[in-house]
Amino acid sequence: MSTTTTPPLQIVQGMAAAQAHAYLVAAIPATQRCDYEYATPYEILHFDSDLRDAGIPIRRWILGDSKDPLATAFCFRATWNTPRHTFWGHVRVRPDAMGQGYGSMLIQAMEHWAATAGAQAVRLLAHPEPRHNTFLTNAGYVHIGTEQIYRVLLADITMPKRPDASNITIMTLAEYMQREPDAIEQACMLHAAVSLDVPMPDEPVVTLSKFRRLLGEEVNPSCFLLAVSGDMLVGESILMDSESEPGVMWQHATGVLPSFRGQGIATSLKREAIRLAQSLDTRELKTWMETSNASIVKINQEFGFTKVDGAGSTILMYEHLITHGGGNRY
Ligand SMILES: CC(C)(COP(=O)(O)OP(=O)(O)OC[C@H]1O[C@@H](n2cnc3c(N)ncnc32)[C@H](O)[C@@H]1OP(=O)(O)O)[C@@H](O)C(=O)NCCC(=O)NCCS
């Protein structure tokens, strides 16, 4: 007679959670990871403490041994322009443990907790593989959007016909820091405002300490473009070197304050970003776009950006509407 035991499902926090989640993520190639999945405990600890400090509900689970988990999940309330009461979730099952119902257990636990925290919908991302689609469809999820990488070779750029925005100056954050003693605070406020509207913000919570950390570690103030109107910062666009592809830069967080949109400011920021990239011997620009984000899709297509095919260049967004709290005690 054989017996099977269900591995323990634990709610985890702090270093235990960070180490278990990072361990599973580090074992998979970067092209298979999703947004907010980090491969180091340090990044996870920062991510969680920023959300907690901002009063955003977040929970993490691990299934099995915390040193080598079979599966992990996390869920938090979305902080950006999703409908109210939308939560963001993620489930990751170790490849050799797939097909044993662990993903479903974690989805159930996650949705039950989200419902107790007020969720009306849970959204999550998945790479476009038939088994992911089958799993999510069985769990009641519907495909609602697509995140897609686009690229343009700088040699092939076409400049849009739209004129540059008037009464706007484009400068780098490094230049603005020379001019304004509180430049970083101002740029942080702008970045936080823009992050509310980006379909998938890089950082769900933008705090000054996190922003300063980004500038110290990943973002070069000389590659952080600002649109300045009088004494106001009204738009941003950030260029970052690719970690894996020499000559490639990523363009992130192109955004304009809502009351300044439709005046060509994003187009001006992009034009200046291209000049900057050219001066840095960049061969190619890449960017993530949500394919339903009509205005940025239009602008990027005018510049000649085209869709990238290949591993990791498309991520699908799914949603499940929650109508009741589910059935288990997690
Ligand atoms: C996307 C965004 C940066 C555009 O900024 P902007 O300064 O208004 O852009 P521009 O004025 O340079 O150009 C906007 C163009 O998009 C077009 N556009 C706007 N909404 C559109 C829509 N729903 N469908 C099609 N085109 C649209 C405008 O008509 C304009 O083109 P036109 O001048 O030919 O009419 C701004 O809407 C924004 O900050 N959005 C939130 C952040 C975001 O989603 N960023 C992109 C992801 S990183």
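Everything discussed here concerns the structure shown above.
So, here's what we can say about the structure. (Residues numbered from 1 in each chain as written. Predicted model: local features only at pLDDT ≥ 70, side-chain atom pairs only at ≥ 80, totals over all residues.)

This part takes up helix α2 (residues 41-53). The terminal C-alpha atoms of α2 lie 18 Å apart, and with 13 residues this matches the ideal 18 Å at 1.5 Å per residue to within 8%. Along α2, the residues classified as buried are I44, F47 and D48. Down the axis of α2, the sector holding all buried residues measures 90°, keeping them to one side. In α2, those exposed residues whose orientation departs by more than 90 degrees from the buried face are Y42 and D53. Those residues of α2 that are buried are in contact with α1 (14-26) and β2 (58-63). In the segment just after α2, G55 is the residue with positive phi, at about 75°. (Helix = DSSP H or I, 4+ residues; strand = E, 2+ residues; numbered from the N terminus. Expected span 1.5 Å × (residues − 1). Buried ≥ 20, exposed ≤ 12 C-beta atoms within 10 Å, placed from the backbone. Arc of directions from axis to C-beta. Contact = placed C-beta atoms within 7 Å.)

Looking now at the pairing of strand β10 (residues 248-256). Both strand β9 (residues 232-241) and β10 contribute to a ladder of six bridges, which runs antiparallel. Across the sheet, residue D241 finds its bridge partner in β10, namely M249. The turn joining β9 and β10, which pair antiparallel and follow one another in sequence, is formed by six residues; a positive phi near 80° is taken by G247. Alignment of β10 against strand β11 (residues 284-290), held across three bridges, turns out to be parallel. Its bridge partner being in β11, V248 is matched across the sheet by E284. Once you follow β10 into helix α8 (residues 265-279) and on to β11, the crossover reads as right-handed. (Pairing = 2+ DSSP bridges. Right-handed = clockwise from strand over helix to strand, strands pointing away.)

In the region of the ligand, 22 residues are neighbours, and R261, A266, T267, A294 and S295 sit closest. Elements represented by at least two residues in the shell around the ligand include exactly β10, α8 and α9 (294-303). A total of five residues in the shell around the ligand trace back to one element, the largest contributor, which is α9. A per-class count over the shell around the ligand returns ten nonpolar, eight polar and four charged. (Near = placed C-beta within 6 Å. Nonpolar A, V, L, I, M, F, W, Y, C, P; charged D, E, K, R; others polar.)

Moving on to unusual backbone geometry. The phi torsion at Y36 lies on the positive side, around 70°, for a residue other than glycine. Structurally, Y36 can be placed in the loop between α1 and α2. Residue classification places Y36 among the partly exposed positions, given that 18 C-beta atoms sit within 10 Å. Even without being a glycine, A253 presents a positive backbone phi close to 50°. One can find A253 in strand β10.

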